[in-house]
Amino acid sequence: MAVLFDAVAGSPLINCGSASIINNLSPFTISCWTRASSRGAGGLGRIFAKGARLAFAQSTNSIRFTVQYSLTNMIIETAANVLNTDGVTLDHYTFFYAGINSAAASAIFKNGVEVAYGLQQNGSGTENSDATTALIIGNAPGAIPNRSWQGDIEEFAIWDVELSTANILNLAGSRARYMPLQVDPSALAAYWPLDDVAEATTASGTAIFRDRSANTNHGTPSNSPSGRATRVLSYP
């Protein structure tokens, strides 16, 4: 199962809170599987956003990963047409932030391989805090403005370290659910499989998307994301 975010029907999101374990991580690694059928709401659909840290689609079907600094934001953006929007293909993405303002030190991986970049911009000033903002999967905070992803997201995980390239390749190559539990588990800050809702069922209720890490920061849906059977990733 996955969660379907439908930017056409509304502004769905999952609010995963702002527990201290996921605040101001530096460095960090985020991974997830996603299937997109467009660039999402406003052509800028968010895969995730947490204050100063976010990843979102761009007009050239690229993906931009940003960590905000007080003067100039650190930005890395894939080359054009890295984002597949056929609504069929399921891809694995990994976003790594090295904890410093050098764009060259951070990275985006697609299906276990580092992408080519169309933009790399170093940050300047001090890194902005995200401690007072919730982690949002599939949209912008509060859905204002609506920046809903258009498609599926599943197996969303965060580590408070730089994962090795071998671990990143393992996450993408296994095509198996619950793999984040086996990858550097002592550094796993949060892990939402997003398989909690049955196919075509609207997600509702408080803290229904379980964080299967030891930290149990469960996610709460808003604006009607729904379950979707992907039938691609296998259960162990």
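Fair warning: this is a prediction, and the values are worked out from it, not measured in the lab.

Analysis parameters
Residues numbered from 1 in each chain as written. Predicted model: local features only at pLDDT ≥ 70, side-chain atom pairs only at ≥ 80, totals over all residues. Heavy atoms only, no water. Helix = DSSP H or I, 4+ residues; strand = E, 2+ residues; numbered from the N terminus. Buried < 20%, exposed > 50% of the residue type's maximum accessible area, 1.4 Å probe, protein only. Disulfide = S-S within 2.5 Å. 1 Å grid on protein atoms, 1.4 Å probe; cavity = no way out; pocket = protein on both sides within 12 Å on 5 of 7 lines; lining within 4 Å. Points joined across faces, edges and corners; volume = space filled by probe spheres on them. Nonpolar A, V, L, I, M, F, W, Y, C, P; charged D, E, K, R; others polar.

Caption draft 1: Summary view of the environment of Met74. Mapping Met74 onto the fold places it in strand 7 (residues 74-78). Measuring from C-alpha to C-alpha, the distance between Met74 and Gly125 comes to 10 Å, with 51 residues separating the pair along the chain.

Caption draft 2: Representation of unusual backbone geometry. At the junction of Ser26 and Pro27, the peptide bond is cis and its omega measures out at 5° in the coordinates. With respect to the helices and strands, Pro27 occurs in the loop between strand 2 (13-15) and strand 3 (28-36). Unlike most non-glycine residues, Glu155 shows phi in positive territory, near 55°. Looking at where Glu155 falls in the secondary structure, it is placed in strand 13 (residues 151-159). Judged by relative accessible area, Glu155 falls into the buried class, the value being 3%. For Leu194, which is not glycine, the phi dihedral falls at a positive 65°. Along the chain, Leu194 turns up in the loop between strand 14 (188-192) and strand 15 (220-222). A residue is classified by how much of its surface remains accessible, and Leu194, at 1% relative accessible area, is buried.

Caption draft 3: Quick look at the state of the cysteines. In total, this model carries 0 disulfides according to the counting rule given. With no disulfide of its own, Cys16 lies closest to Cys32 among cysteine sulfurs, the gap being 12 Å. Residue Cys16 is classed as buried on the basis of its relative accessible area of 3%.

Caption draft 4: The arrangement of empty space enclosed by the protein in detail. This structure, assessed with the given rule, holds 2 cavities of 30 Å³ or more. Listing elements by their share of the lining of the largest cavity, those giving two or more residues are strand 3 and strand 4 (46-50). For the lining of the largest cavity, a count of residues per class yields 7 nonpolar, no polar and 3 charged. Roughly 40 Å³ of internal volume is contained in the second largest cavity. Together, Ser31, Trp33, His92, Glu155, Leu171, Ala176, Met179 and Pro180 line the second largest cavity.

Any functional reading would require information that these geometric values do not contain.
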